[in-house]
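# Residue-level structure breakdown
Chain residues, written in single-letter form:
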Amino acid sequence: MSSFTFDEADIVIVGAGLFGLTIAQQVVEHTFARVQIIDIRNHIGGNAYSYFDDETGAEIHKYGAHLFHTSSKVVWDYVNRFTKFTHYTHRVFATHSGVVYPLPINLGTINQFFNKSYTPEQAKRLIEQQAGELAGKNPENLNDKGISLIGRPLYEAFIKNYTAKQWQTDPSELPADIITRLPVRFNYDNRYFKDTWEGLPVDGYTAWFKRMIDHDRIRVSLQTDFFDENQPFNKDTLNSSGKPVVYTGPIDKYFDYCLGQLQWRTVDFKEVRYDEADHFGCPVMNFSDADVPYTRAIEFKNFNPERQDSMNPSKTVVWQEYSRFAEPDDEPYYPINTHEDKLLYQQYMQLSQSENNTVFGGRLGTYKYYDMHQVIATALHSFEHEVKLLLH
Ligand code: FAD
Ligand code: UDP
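A brief look at the structure comes next. Quantities reported herein were computed from a predicted structural model and do not represent experimental measurements.

Turning next to helix α10 (residues 339-352). Think of an α-helix as turning once every 3.6 residues; residues three or four places apart then point the same way. End to end, α10 covers 20 Å across 14 residues, agreeing with the expected 20 Å (1.5 Å per residue, within 8%). Within the sequence span of α10, burial applies to D341, L344, Y345, Y348 and S352. Down the axis of α10, the buried set is contained in an arc of 105 degrees. They therefore lie on one face. Residues of α10 that are exposed and point over 90 degrees away from its buried face: H339 and Q350. In this fold, the buried residues of α10 make contact with α9 (251-254), β16 (358-360) and α11 (362-365).

Below, the structure is given as structure tokens:
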């Protein structure tokens, strides 16, 4: 990794996550500009970064499990230019009261839970009856939405406690759309995602990201903080030079929190190693009950069964996820998006519009809960409609 001099760089990208990498790739493909990327971390890839674990051979997703999925042909064709994808199909299981069930809630979950053999129609009628308490009401919060989708018994078993662990906020104060991400199916389809394409990069995430920026007009400086005045590509110097900047760090931090702080959730990971080939028999096990303090456990080896030959047959590594409110020094992961947060973000967004040479993007720069494919789509759009215009 190396650096242009300040004068050589035509544009500076703050953040080597998928938004910044996509912009960099588009700039060199469509213009003659030289791109300097800086990132405060010691690796590229942002939150989608992964590394290989020496002991087990597993690919560990350092900031939590990342599964690629999209229904956008444009995005799918774009990512396939840099990596092939495995045939991995994401499936999740949940442990409730000592019994393992398939997720998302489907006919298999319903029949196992009620110990019945309902047909799809019978199951729909049962859930309608059980959701009857909310008849005529437009569910506006997660609690009501959850009950209206699956009825109270299934909601209390699989959603209520998990959501309390994940958000530490009363579900009746959480927005309904959090739960709408999860499908409910009256057949035995237990694919977690509804998208047309999904898979994992065959040589891992980092190999994919390196290929995106493998170009002599792109340079990357790691461990370089945009707000550190001792490094050349810092905020003040860039602002006074008028050089184009793409900023993918937290928007409130850019403005020194002058209007207050946007709220985020973070996740702590606890690593557990087992002297076993396979501990759960699946990559993700959710824990639905309150007595298990973590939300889910990730067994990384199981994301890549096709790599069996390079895995240790007698060891496995599991990460348990503990979710909590982010303090100022924590990694911001999930925007909480309360009503106050949304108002505050609008105010920061208005401030950002007067920063003429800076484009704000990505999860942190726009305070949005984006998946990878959405970040790539917004970056392709931002290049075309914002960044390109700054380079002429
Ligand atoms: P980031 O990846 O956050 O990159 C921003 C970069 O900016 C970081 O590298 C950061 O170090 C850098 N930066 C910040 N401040 C500064 C500064 N002051 N100076 C220099 N650099 C700075 N998406 C999926 O599609 N599937 C999944 O299964 C999935 N699972 C997820 C699980 C978790 C726990 C989380 C948190 C996210 C998940 N995502 C998933 C979402 C995915 O991580 C994001 O969509 C994507 O990584 C966002 O890319 P980005 O470039 O916007 O932001
Ligand atoms: N959820 C739940 N039980 C589960 C899985 C998910 O209650 O076993 C709820 C929870 O509120 C969570 C939301 O559904 O925040 C979205 O789940 P998803 O798996 O998409 O969350 P993510 O992977 O983004 O953490």
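Read on for the rest.
This part is about the packing of helix α1 (residues 18-30) against helix α7 (residues 205-212). At a minimum axis separation of 9 Å, α1 and α7 run at an interaxial angle of 30 degrees. Contacts between α1 and α7 pair L18, L21, T22 and Q25 from the former with W208, F209 and M212 from the latter. Considering only residue class, the contact of α1 with α7 consists of five nonpolar, two polar and no charged.

Moving on to the sheet that holds strand β10 (residues 245-247). Reading across from one edge, β9-β2-β1-β10-β16 is the order of the five strands in this open sheet, with parallel pairing throughout. Both outer strands of the open sheet, β9 (218-221) and β16, are each paired with one neighbouring strand and no more. Neighbour-to-neighbour, the strand axes of the sheet open up by a mean angle of 20 degrees, direction not taken into account. Across four bridges, strand β1 (residues 11-14) lies against strand β2 (residues 35-38) in parallel orientation. Bridge pairing links I11 to V35 in β2.

With respect to the helices and strands, S382 occurs in helix α12 (residues 372-390). Residues in contact with S382, not counting those within four places in the same chain, are F19, I23, V359 and V387.

The next thing to look at is the site of ligand 2. Lining the immediate surroundings of ligand 2 are 16 residues, of which T163, W167, Y192, N286 and Y369 lie closest. W167 has a polar side-chain atom sitting 2.9 Å from an oxygen atom of ligand 2. Side-chain polar atom of R296 to an oxygen atom of ligand 2: 3.2 Å apart, as the coordinates give it. Surface burial for ligand 2 is 93%, taken as the share of its 530 Å² of free accessible area covered by protein chains.

To continue, consider the layout of surface pockets. Of the voids in this model, the second largest pocket is the one considered here, and its volume is about 430 Å³. Together, 22 residues line the second largest pocket, and V359, F360, G361, S382 and E386 are the ones closest to its centre. Residue assignment for the lining of the second largest pocket shows that the elements contributing at least two residues are α10, β16, α11 and α12. Sorting elements by how many residues they give to the lining of the second largest pocket places α12 first, with five residues.

It is worth spelling out the site of ligand 1 at this point. Around ligand 1 lies a shell of 30 residues, among which D39, H66, L67, Y370 and M372 are the nearest. Between ligand 1 and the protein, one listed contact pairs an oxygen atom with a backbone N or O atom of L18 at 3.2 Å. At 2.6 Å, a side-chain N or O of H66 approaches an oxygen atom of ligand 1. Across the complex, the protein chains shield 95% of the 1,000 Å² of accessible surface that ligand 1 would expose by itself.

Our focus in this paragraph is the sheet that holds strand β12 (residues 284-287). If you walk across this open sheet you meet the seven strands as β7-β6-β12-β13-β14-β11-β15, and the pairing is mixed. Since the sheet does not close on itself, it has two edges, and those belong to β7 (99-103) and β15 (334-335), each with one partner. With 10 bridges joining them, strand β11 (residues 264-274) and strand β14 (residues 316-325) adopt antiparallel strand pairing. Opposite R265, over in β14, you have F325 as the bridge partner.

This paragraph deals with unusual backbone geometry. Between L103 and P104 the backbone carries a cis peptide bond, its omega angle lying at -15 degrees. Mapped onto the secondary structure, P104 falls in the loop between β7 and α3 (107-114). Despite not being glycine, N115 shows a phi value in the positive range, around 55 degrees. Within the secondary structure layout, N115 lies in the loop between α3 and α4 (120-130). The class of N115 is exposed, set by a relative accessible area of 70%.

Within the fold, F227 resides in the loop between β9 and α8 (235-241). Residue class for F227 comes out partly exposed when judged on its relative accessible area of 29%.

Parameters at a glance
- Residues numbered from 1 in each chain as written.
- Chains lettered and ligands numbered in written order.
- Predicted model: local features only at pLDDT ≥ 70, side-chain atom pairs only at ≥ 80, totals over all residues.
- Heavy atoms only, no water.
- Helix = DSSP H or I, 4+ residues; strand = E, 2+ residues; numbered from the N terminus.
- Expected span 1.5 Å × (residues − 1).
- Buried < 20%, exposed > 50% of the residue type's maximum accessible area, 1.4 Å probe, protein only.
- Arc of directions from axis to C-beta.
- Contact = heavy atoms within 4.5 Å.
- Axes fitted to C-alpha atoms, helices over the stretch in contact; angles between N-to-C directions.
- Nonpolar A, V, L, I, M, F, W, Y, C, P; charged D, E, K, R; others polar.
- Pairing = 2+ DSSP bridges.
- Near = heavy atom within 4 Å.
- Polar contact = N/O pair within 3.5 Å; in protein donor to acceptor, adjacent residues only side chain to side chain.
- Areas by Shrake-Rupley, 256 points an atom, 1.4 Å probe, with all protein chains shown as cover.
- 1 Å grid on protein atoms, 1.4 Å probe; cavity = no way out; pocket = protein on both sides within 12 Å on 5 of 7 lines; lining within 4 Å.
- Points joined across faces, edges and corners; volume = space filled by probe spheres on them.

Fair warning: the whole summary comes from geometry, so function is off the table for now.
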